[in-house]
Amino acid sequence: MSERQQTGARVAVWRDGTARTAGPDEPVVGAFDLGLGRGDGAFESVLVTGGTTPRLPAHLARLTRSAQLMGLAHPGDDAVRAVVAAVTADWPADVEGACRVLLTRGLGDGTPPTLVALLAPVGAEVLRQREGIAVVCLSLGVPADFRAQAPWLLGGAKTLSYAVNMAALRHAHAVGADDVVFTSLDGRLLEGPTSTVVWAAGGRLHTPPVDTGILAGTTQARLFAAAEADGWPTAVTPGTVDDLAAADAVWLLSGIRGAAPVTRLDGIDRGDAGLTGRVRQLLAR
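About the criteria used
- Residues numbered from 1 in each chain as written.
- Predicted model: local features only at pLDDT ≥ 70, side-chain atom pairs only at ≥ 80, totals over all residues.
- Heavy atoms only, no water.
- Buried < 20%, exposed > 50% of the residue type's maximum accessible area, 1.4 Å probe, protein only.
- Helix = DSSP H or I, 4+ residues; strand = E, 2+ residues; numbered from the N terminus.
- Pairing = 2+ DSSP bridges.
- Core = buried A, V, L, I, M, F, W, Y, C linked by side-chain atoms within 4.5 Å.
- Contact = heavy atoms within 4.5 Å.
- Axes fitted to C-alpha atoms, helices over the stretch in contact; angles between N-to-C directions.
- Parallel < 35°, antiparallel > 145°, perpendicular 65-115°, else oblique.
- Left-handed = near helix turned anticlockwise from the far one by under 90°.
- Nonpolar A, V, L, I, M, F, W, Y, C, P; charged D, E, K, R; others polar.
- Salt bridge = Lys/Arg side-chain N within 4 Å of Asp/Glu carboxyl O.

Q: Which parts of the structure should I look at to understand the pairing of strand E7 (residues 179-183)?
A: A regular strand places its side chains so that they alternate between the two faces of the sheet. Taking burial as the measure, the five residues of E7 include five buried ones, the bulk of the element. Side chains Asp179, Val181 and Thr183 of E7 all project onto a buried face; the interleaved residues Val180 and Phe182 project onto the opposite face, where all are buried too. Summarising the sheet, strand E6 (residues 133-139) and E7 pair through five bridges and their orientation is parallel. Residue pairing for E7: Leu138 is matched across the bridge by Phe182.

Here it is as structure tokens:
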């Protein structure tokens with residue numbers, strides 16, 4: 001197998017109790033699948049590094065939680081492990097990959113859910129953004145405490161309904177930025193469209209509370225656990241944009257991109273006080 005074939009786009013689908021691979025152009029989801037027609041499903045993005053997925057367990061747990069919040073049938077962790085193993089088999093150890101696991105409601109009405117895994121190399125733009133990103137702050141238009149009282153808004157679930165998130169990123173690109181920090185209607189920090197917000201201030205690492213309806217970040221949780229073990233205190237803090245502006249450093253954390261330092265916030269250049277190296281060392285443990 002050539003290197004190009006080894007690192008090309010890959011697909012696996014869970015069907016009849018078995019993980020089956022398919023060509024990237026081969027149809028694996030029906031046109032009437034509710035994940036396609038209504039975005040009725042959940043997903044996870046898992047980094048493939050060294051040919052393996054060492055962070056998969058945390059993503060399995062979060063996918064299960066998303067399915068529970070959505071009342072979505074789940075074929076089980078073993079099924080997810082099987083489709084991930086199918087697409088990552090023989091993946092070159094020196095090529096980072098982005099594996100997306102998609103779980104949808106299928107055709108509905110008691111039919112089996114759809115489970116698909118997709119794998120492709122981590123893109124050049126993601127690699128570039130690891131070195132620094134320009135960010136704009138945008139309002140999500142809901143009060144910070146509203147989604148905790150509105151389960152129909154699916155706060156805390158990683159759903160396939162990402163149209164608003166992608167529109168926010170397109171707006172950021174249109175104004176010369178790379179990414180977004182969402183804020184609540186009352187000015188509280190929430191999250192990025194595909195990331196968790198973390199900032200350093202007062203000798204601590206901070207992140208917003210999940211009771212605002214944001215997604216619990218797997219990378220943020222891993223960083224905070226490693227930081228506490230290393231003597232760097234952490235805190236869950238209901239911050240504001242002003243807190244980010246005054247912080248020693250700000251990062252957007254995600255499973256594929258890792259810790260991307262914010263180098264410009266709402267048009268104003270900012271530094272990281274030399275802390276990004278320490279953050280990366282902690283995440284590498």
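After that view, the rundown keeps rolling.
Q: When you look at the nonpolar core in this model, what are you seeing that I'm missing?
A: Within the largest apolar cluster, 23 residues are counted, with the highest numbers of intra-cluster contacts made by Val80, Cys99, Val101 and Leu115. Breaking this core down by element, the ones donating at least two residues are strand E3 (41-48), helix H3 (56-70), helix H4 (77-88), strand E4 (97-104) and strand E5 (114-121). Contacts of Cys99, omitting those with residues within four sequence positions, involve Glu44, Ser45, Val46, Val48, Val84, Val87, Ala117, Leu118 and Leu119.

Q: I keep staring at the packing of H3 against H4 and nothing clicks. Help me out?
A: Angle between the axes and distance between the axes: these two values describe a pair of packed helices. Their axes nearest at 11 Å, the elements H3 and H4 cross at an angle of 130°. On the basis of their axis angle, the class for H3 and H4 is oblique. As for the relative orientation of H3 and H4, their crossing is right-handed in sense. Facing H3, whose interface residues are Leu56, Leu60, Leu63 and Thr64, H4 presents Asp77, Val80, Arg81 and Val84. The residue makeup of the contact of H3 with H4, split by class, is five nonpolar, one polar and two charged.

Q: Can you help me understand the pairing of E3 in this one?
A: Counted residue by residue, E3 has eight buried out of eight residues, so it is predominantly covered. Side-chain alternation along E3 places Gly41, Phe43, Ser45 and Leu47 on one buried face and Ala42, Glu44, Val46 and Val48 on a second face that is also buried. When E3 meets E4, the two strands line up antiparallel, connected through eight bridges. Pairing of Ala42 across the sheet is with Leu103, part of E4.

Q: Would you take a moment to explain the pattern of salt bridges for this structure?
A: Pairs can form between side chains of opposite charge once their charged atoms are near each other. For the structure on display, the rule yields ten salt bridges. A salt bridge links Arg62 to Glu44, with the nearest nitrogen and oxygen atoms 2.8 Å apart. Pair noted here: Arg62 is in helix H3 and Glu44 is in strand E3, with a separation of 18 residues, a long-range link. Taking relative accessible area as the criterion, Arg62 reaches 11% and is therefore assigned buried. Close ionic contact of Glu125 with Arg128 constitutes a salt bridge, the shortest N to O distance being 2.6 Å. Taken together, the positions of Glu125 and Arg128, both in helix H5 (residues 124-129) and three residues apart, correspond to about one turn of that helix.

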